[in-house]
Amino acid sequence: MHLLTVRSLTVRYGGATAVRGIDLDVAEGSVTGILGANGAGKTSALMGIMRAVPRVTGAMTIAGDDFSAAHTRGVVEAGVSLCPQNRRLFASMTIEENLLLGAQRTPRAVVRARLDEAYDRTPWLATRRREAAGRLSGGQQQLVAIGRALMSAPRLLMLDEPSSGLSPVAVIEVRELLERICASGLTVLLVEQNTHLVQALCTSVYVLSEGRVVGHDTVENLVANDLLSDAYLG
Ligand code: ATP
């Protein structure tokens with residue numbers, strides 16, 4: 001059963017086409033990777049699914065429900081959440097205020113329960129919840145950004161390069177959190193350049209090049225054929 005299907009997704013910026021009619025299928029409960037060289041269109045694909053960029057065409061369904069015509073809020077309400085590239089926290093807002101941004105138009109009691117879940121998942125967030133997010137290290141900010149993306153209780157969590165720019169120690173912390181999230185059965189679509197993280201988390205991988213899907217295989221096959229780093233290098 002596919003939780004997410006994407007058909008003929010195209011994303012344009014003015015006259016430039018970043019994503020050229022790609023198809024994706026993400027199985028329920030799976031962790032699916034998207035690899036590709038810089039500029040391959042990975043971020044644009046995720047932003048297109050979220051309708052967070054203006055010129056998007058294509059058909060998208062989640063659990064069989066078509067959300068192609070939805071605006072970003074509708075995409076979130078359909079059950080899709082994005083943890084964006086570079087984290088995009090509000091530096092002067094507290095950790096808790098940043099988390100709350102992920103659960104808008106949600107009843108207060110539900111928000112409280114989801115905050116508690118976030119604090120259970122990453123306990124130091126609770127003790128430091130009133131600290132400005134801008135005071136945190138990059139790795140700590142990434143854990144907040146992942147927590148914020150989960151505040152809408154998504155059926156599909158999309159992550160755009162969660163290890164980007166982080167120290168090796170911070171990458172391990174991010175990986176451990178993602179391993180726990182994935183083990184809980186949440187469906188994940190992961191854009192990542194860190195091939196160790198892809199191997200640790202993903203079952204299958206799409207390879208993008210110049211806006212097109214040029215490969216789709218299991219991680220096992222890519223590793224067995226020594227193709228994982230080729231996929232990243234493009
Ligand atoms: P990276 O790994 O560097 O993040 P990517 O695979 O995520 O790359 P995108 O960021 O989606 O690739 O970029 C795909 C193409 O779209 C590139 O040619 C890029 O220059 C272009 N592009 C991305 N964002 C914009 C924008 N806002 N306006 C114009 N062109 C853009």
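Residues numbered from 1 in each chain as written. Predicted model: local features only at pLDDT ≥ 70, side-chain atom pairs only at ≥ 80, totals over all residues. Heavy atoms only, no water.

Draft legend 1. Representation of the pairing of strand S2 (residues 16-27) within the structure. Here strand S1 (residues 2-13) pairs with S2 via nine bridges, running antiparallel. Its bridge partner being in S2, Val 6 is matched across the sheet by Leu 24. Hairpin geometry of S1 and S2 is characterised by an intervening segment of two residues between the two adjacent antiparallel strands and by a positive phi of about 55° at Gly 14. (Pairing = 2+ DSSP bridges. Helix = DSSP H or I, 4+ residues; strand = E, 2+ residues; numbered from the N terminus.)

Draft legend 2. The sheet that holds S2, seen in detail. The four strands are arranged S2-S1-S4-S5 in an open sheet whose pairing can be described as antiparallel. The open sheet has two edge strands, S2 and strand S5 (65-66), and neither has a second partner. Contacts between helix H1 (residues 42-49) and the sheet are confined to S1, S2 and strand S4 (55-62), with S1 contributing the most and set at about 110° to the helix. (Contact = heavy atoms within 4.5 Å. Axes fitted to C-alpha atoms, helices over the stretch in contact; angles between N-to-C directions.)

Draft legend 3. Inspection of unusual backbone geometry at higher detail. For Glu 161, which is not a glycine, the phi torsion comes out positive at approximately 50°. Along the chain, the position of Glu 161 falls in the loop between strand S7 (156-160) and helix H7 (168-183). Owing to a relative accessible area of 10%, Glu 161 belongs among the buried residues under this scheme. Of note, the phi angle at Glu 210 is positive, near 45°, even though the residue is not glycine. Its location among the elements puts Glu 210 in the loop between strand S9 (204-209) and strand S10 (212-218). (Buried < 20%, exposed > 50% of the residue type's maximum accessible area, 1.4 Å probe, protein only.)

Draft legend 4. Summary view of the pairing of strand S8 (residues 187-191). When you tally the buried positions in S8, you get five out of five residues, the bulk of the element. Along S8, one buried face is formed by Thr 187, Leu 189 and Val 191 and the opposite face, lined by Val 188 and Leu 190, is buried too. Of the pairings in the sheet, the one linking strand S3 (residues 31-35) to S8 comprises four bridges and is parallel in character. By the bridge assignment for S8, Ile 34 is matched with Val 191. Pairing geometry for S7 and S8, over five bridges, is parallel. Paired with Asp 160 across the strands is Val 191, a residue of S8. Note that the unit made of S7, H7 and S8 has a crossover that is right-handed. (Right-handed = clockwise from strand over helix to strand, strands pointing away.)

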